[in-house]
Amino acid sequence: GQQVQQSPASLVLQEGENAELQCNFSSTATRLQWFYQHPGGRLVSLFYNPSGTKHTGRLTSTTVTNERRSSLHISSSQTTDSGTYFCARNNNNAPRFGAGTKLSVKP
Amino acid sequence: DPKIIQKPKYLVAVTGSEKILICEQYLGHNAMYWYRQSAKKPLEFMFSYSYQKLMDNQTASSRFQPQSSKKNHLDLQITALKPDDSATYFCASSPLRVNTEVFFGKGTRLTVV
């Protein structure tokens, strides 16, 4: 079955708005990683966050392991944030990906 | 300065032919992986290798064969190519410790005509 579920599937924002992306996973044995995929295809790791809260710039990741969920918060969105955000749950060191949230930020 | 090198960046192949996708990592990692991303499916795990040995194989077709000639190499040989094999193939690596981050290469975009 689906091990990682992400919501929403897509999101359109006006520049400056905030976004909250959700990730739910099927097992508590989690090593949670958030990735950003550029529109051109390059995959970049944003956070490795198995539990707790981490910040980098305008991004915040919060993982609540015993509730099997993680979120990615983007504050004051910019057009350059447009792309696809993936949540991945590491299983024996090999991440399994959700279907992603496609974010579009309009100027 | 990329630490995970995938070659080529783009590849066009004829149906029925064979191709090898190259992956080298210079991060000192002992675990390497292959993923596939097509328009029809999200990022799909294919193989994981540890110390040049196969650890996990989620690819049903034997047409896909990883090859590890060195600790920091994990190439992917694809035989009898089909149009449905068209996708971007990503190589990744990580330290072998359990709780670690995984790093990805830039991918090889394969088109089978």
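Quick look at the structure, then. (Residues numbered from 1 in each chain as written. Chains lettered and ligands numbered in written order. Predicted model: local features only at pLDDT ≥ 70, side-chain atom pairs only at ≥ 80, totals over all residues. Heavy atoms only, no water.)

This paragraph deals with the layout of surface pockets. Reported here for the largest pocket is a volume of approximately 570 Å³. Along the wall of the largest pocket there are 29 residues; nearest its centre are Gln 37, His 38, Pro 39 and Gly 41 of chain A together with Gln 37 of chain B. Every element with two or more residues in the lining of the largest pocket is listed here: strand E9 (83-91) and strand E11 (101-106) of chain A together with strand E9 (87-94) of chain B. Looking at side-chain class alone, the lining of the largest pocket contains 10 nonpolar, 13 polar and six charged residues. (1 Å grid on protein atoms, 1.4 Å probe; cavity = no way out; pocket = protein on both sides within 12 Å on 5 of 7 lines; lining within 4 Å. Points joined across faces, edges and corners; volume = space filled by probe spheres on them. Helix = DSSP H or I, 4+ residues; strand = E, 2+ residues; numbered from the N terminus. Nonpolar A, V, L, I, M, F, W, Y, C, P; charged D, E, K, R; others polar.)

Quick look at the environment of Trp 34 of chain B now. Residue and element names in this part refer to chain B. In this structure, Trp 34 sits in strand E4 (residues 31-37). For Trp 34, a relative accessible area of 0% corresponds to the buried category. C-alpha separation for the pair Trp 34 and Tyr 49, spaced 15 residues apart in sequence, amounts to 9.0 Å. Within polar-contact distance, the side chain of Trp 34 engages the backbone oxygen of Leu 74 at 2.9 Å. (Buried < 20%, exposed > 50% of the residue type's maximum accessible area, 1.4 Å probe, protein only. Polar contact = N/O pair within 3.5 Å; in protein donor to acceptor, adjacent residues only side chain to side chain.)

Our focus in this paragraph is the sheet that holds strand E3 (residues 19-25) of chain A. Strand pairing in a sheet takes place through backbone hydrogen bonds and is either antiparallel or parallel in direction. Residues and elements named next belong to chain A. Spatially, E1-E3-E8-E7-E6 is the arrangement adopted by the five strands of the open sheet, whose pairing is antiparallel. With one partner strand each, in any of the chains shown, strand E1 (4-7) and strand E6 (52-56) form the two edges of the open sheet. Within this sheet the neighbouring strands show an average axis-to-axis angle of 15°, counted without direction. Pairing geometry for E1 and E3, over four bridges, is antiparallel. Bridge assignment links Ser 7 to a residue of E3, and that residue is Gln 22. (Pairing = 2+ DSSP bridges. Axes fitted to C-alpha atoms, helices over the stretch in contact; angles between N-to-C directions.)

What follows concerns the sheet that holds strand E7 (residues 64-67) of chain B. Residue and element names in this part refer to chain B. A sheet is described by the order of its strands in space; here four strands give the open sequence E1-E3-E8-E7, paired in antiparallel fashion. Both edges of this open sheet fall to strand E1 (4-7) and E7, since each of them pairs with a single strand only. Each strand axis lies, on average, 15° off the axis of its neighbour in the sheet, ignoring direction. Direction of pairing for strand E3 (residues 19-25) relative to strand E8 (residues 75-78): antiparallel, over a ladder of three bridges. Considered in E8, the bridge of Leu 21 is made with Leu 76.

Before going further, it helps to examine the pairing of strand E2 (residues 10-13) of chain B. All names here are of chain B. Taking every second residue as pointing to the same face, the buried face of E2 carries Leu 11 and Ala 13, while none of Tyr 10 and Val 12 on the other face is buried. As paired elements, E2 and strand E11 (residues 108-112) share four bridges and run parallel to each other. Paired with Ala 13 across the two strands is Val 112, which belongs to E11.

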